[in-house]
Amino acid sequence: MGGGFENQQMYSVHKLFEREVERDPGRIAIVCGDERLTYVELNLRSNRIAHHLLSLGLEQEAFIAILMQRSPNMIAALLGILKASCSRPSDRR
């Protein structure tokens, strides 16, 4: 994402991600074993998840749990939740 982050306004993670999608959609975003996803592919997955969450009628800032192995799908799920505005940072252990 380079170049002078300290001089930029504060952005949310999913907004910064979407800026990268616009900047270079074909660049590899994730490598996990033999699986590689470009920024645009990861964005499409996360958008599908966000739309699904919204279709369930979840309210903004609802808490969503994720129980899955670390994988590209987990990253897509996290981005999807953020895009749907269904989560805020929480450190519940």
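A brief report on the enclosed structure follows. (Residues numbered from 1 in each chain as written. Predicted model: local features only at pLDDT ≥ 70, side-chain atom pairs only at ≥ 80, totals over all residues. Heavy atoms only, no water.)

**Looking at the environment of Glu41**
Here is the rule: Secondary structure is summarised from DSSP: a helix means a run of H or I of at least four residues, a strand means a run of E of at least two, and numbering begins at the N terminus for each.
By the element assignment, Glu41 lies in helix α2 (residues 39–55). C-alpha of Glu41 to C-alpha of Val21: the two residues are 20 residues apart in sequence and 9.3 Å apart in space.

**Let's talk about the pairing of strand β2 (residues 35–38)**
Note the cut-off: For two strands to count as paired, DSSP must find a minimum of two bridges between them.
Of the pairings in the sheet, the one linking strand β1 (residues 28–32) to β2 comprises 4 bridges and is antiparallel in character. The residue bridging Cys32 from the neighbouring strand is Glu35, located in β2. Joining the antiparallel neighbours β1 and β2 is a turn of 2 residues, in which Gly33 adopts a positive phi near 65 degrees.

**Examining helix α3 (residues 72–83)**
Selection criterion: A helix is expected to span 1.5 Å multiplied by its residue count minus one. Remark: exposure states derive from per-residue accessible area (1.4 Å probe, protein chains only) relative to the maximum for the residue type, with buried under 20%, exposed over 50%, and partly exposed in between.
With 12 residues, α3 extends 16 Å between its outermost C-alpha atoms, agreeing within 8% with the 16 Å of an ideal straight helix rising 1.5 Å per residue. For α3, the complete set of buried residues consists of Pro72, Met74, Ala76, Ala77, Leu79, Gly80, Ile81 and Lys83. Ser85 sits one or two residues past α3 and shows a positive phi near 55 degrees.

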